[in-house]
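Survey of secondary and tertiary structure
Listed below, chain by chain, are the residues.
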Amino acid sequence: MAAANSTRARGIQIRDYAWGRIIEGTREMLIQHGYTLDGTFPGDPGARKTVERGTDPAGRAIKIQRKSTYIFSIRRDWNEGEAAAYRAAEEAQRARIEDARQAKLVVDSWPESAGDYRGRVHRYVVATMEGVERLLDAGRLGGYRFDDVALGRLYEISDELRELVEAGGIGMDPELRKKWTPDCIGDELPVPDTPAPEAAGLGGNVIPFRRMRNR
């Protein structure tokens, strides 16, 4: 399969493969840009009709094939160093593609709205506080637990945190979004407009806090 760095410019088309390179163009362009010497081409008097062998200006063996009346193709195999460079370039390209794929998965996992973000934070806080309350109150670690004064303060903090998560204003910070967007796809993603901060209370996507009291 041709590599992604195949090009078409200046009247020349270049395609790179694992085994070597094919260059297509007119006789004049192939000679002018140094892909072959000014010598015998297929179809010239005394030459084969479709294929001739020759060398390029660097002395490397090439095969010239007539593609049409005016267009020829030159095939040149890679030497050892060029083949290694080609493999390295292909590996780097595959790595870039995979990095972009993984980055896209990360970005696609982000909340789609302030309400979605609130819901996710709410579920996380619910689970975290339930775990904290079990650890401090249930005595599962050999009967140790915090006293009633400390637990009362814990429940106050839990209530305050719940109120903050359920009713606190939420906005979009474009600079923070840009900071956390992977560089490999940063240019592909438009920065969304900054919405008005959302100061909504509980919505349909938020599960109310379930307070845990063991006493």
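Residues numbered from 1 in each chain as written. Predicted model: local features only at pLDDT ≥ 70, side-chain atom pairs only at ≥ 80, totals over all residues. Heavy atoms only, no water.

With their axes 10 Å apart at the nearest point, helix H3 (residues 114–137) and helix H4 (residues 148–167) run at an angle of 175° to one another. Between H3 and H4, the angle falls in the class roughly antiparallel. Contacts from Arg118, Val121, His122, Val125, Met129, Val132, Glu133, Leu136 and Asp137 in H3 reach Leu151, Leu154, Tyr155, Ser158, Leu161, Val165, Glu166 and Ala167 in H4. Here the contact of H3 with H4 is built from residues that sort into 11 nonpolar, two polar and four charged. (Axes fitted to C-alpha atoms, helices over the stretch in contact; angles between N-to-C directions. Helix = DSSP H or I, 4+ residues; strand = E, 2+ residues; numbered from the N terminus. Parallel < 35°, antiparallel > 145°, perpendicular 65-115°, else oblique. Contact = heavy atoms within 4.5 Å. Nonpolar A, V, L, I, M, F, W, Y, C, P; charged D, E, K, R; others polar.)

Moving on to the nonpolar core. Core analysis: the biggest nonpolar cluster contains 10 residues, these being Ile12, Ile14, Ile23, Leu30, Tyr35, Phe41, Ile62, Ile64, Phe72 and Ile74. Secondary-structure elements contributing two or more residues to this core are strand S2 (12–16), strand S5 (61–66) and strand S6 (71–77). Not counting residues within four places of it along the chain, the set of residues in contact with Phe41 comprises Arg27, Leu30, Ile31, Thr36, Ala47, Glu52, Ile64 and Phe72. Counting residues in each nonpolar core, the second largest holds seven residues, with Met129, Leu136, Leu151 and Leu154 among its members. (Core = buried A, V, L, I, M, F, W, Y, C linked by side-chain atoms within 4.5 Å. Buried < 20%, exposed > 50% of the residue type's maximum accessible area, 1.4 Å probe, protein only.)

Turning to the pairing of S2, a few remarks are in order. Extensive coverage of S2 is indicated by the burial of five of its five residues. Burial along S2 is two-sided: the face carrying Ile12, Ile14 and Asp16 and the face carrying Gln13 and Arg15 are both buried. Judged from the four bridges that link them, S2 and strand S3 (residues 20–26) form a sheet pairing that is antiparallel. Opposite Ile14, over in S3, you have Ile23 as the bridge partner. Connecting the antiparallel pair S2 and S3 is a turn made up of three residues. (Pairing = 2+ DSSP bridges.)

With respect to the helices, strands and loops of the structure, Arg15 is situated in strand S2. Here Tyr17 takes part through its side chain, which lies 3.0 Å from a polar atom of the side chain of Arg15. At a separation of 3.3 Å, a polar atom in the side chain of Arg15 contacts the side chain of Glu24. (Polar contact = N/O pair within 3.5 Å; in protein donor to acceptor, adjacent residues only side chain to side chain.)

Before going further, it helps to examine the side chain of Glu52. Here Glu52 shows up in strand S4 (residues 51–55). There is a polar contact of 2.8 Å between the side chain of Glu52 and the backbone nitrogen of Arg48. Excluding residues within four positions of it along the chain, Glu52 makes contact with Thr40, Phe41, Pro42, Ala47, Ile62, Lys63 and Ile64.

This next bit is on the pattern of salt bridges. Per the stated rule, a full pass over the model turns up 19 salt bridges. Close ionic contact of Arg76 with Asp56 constitutes a salt bridge, the shortest N to O distance being 4.0 Å. With a gap of 20 residues between them, Arg76 in strand S6 and Asp56 in the loop between S4 and S5 connect regions that are remote in the sequence. Side by side, Arg76 and Asp56 carry an identical accessibility label, which is buried. Between Glu91 and Arg94 there is a salt bridge; the shortest N-O distance is 2.8 Å. Here Arg94 and Glu91 lie together in helix H2 (residues 80–108), a separation of three residues that amounts to about one turn. Given a relative accessible area of 46%, Arg94 falls into the partly exposed group. The network of salt bridges with shared partners includes Asp56, Arg60, Arg76 and Glu82. (Salt bridge = Lys/Arg side-chain N within 4 Å of Asp/Glu carboxyl O.)

All right, on to the packing of aromatic side chains then. The full count for this structure, using the stated rule, is three aromatic pairs. On the numbers, 4.9 Å between centres and 80° between planes, the contact of Phe41 with Phe72 is edge-to-face. Of the two residues, Phe41 is situated in the loop between helix H1 (27–32) and S4 and Phe72 in strand S6; the sequence distance between them amounts to 31 residues. Residue class for Phe72 comes out buried when judged on its relative accessible area of 3%. Sitting above the plane of the Trp19 ring, Arg75 keeps its charged end 4.0 Å from the centroid. (Phe/Tyr/Trp six-rings, centres within 6.5 Å; stacked < 30°, edge-to-face > 60°. Lys NZ or Arg CZ within 6 Å of the ring centre and 35° of its normal.)

On to the environment of Arg75. The topology assignment puts Arg75 in strand S6. Between the C-alpha atoms of Arg75 and Tyr35, which are 40 residues apart in sequence, the distance is 9.8 Å. Ignoring any residue separated from it by four or fewer positions in sequence, one finds Arg75 in contact with Trp19, Arg21, Ile22, Ala61, Ile62 and Lys63.

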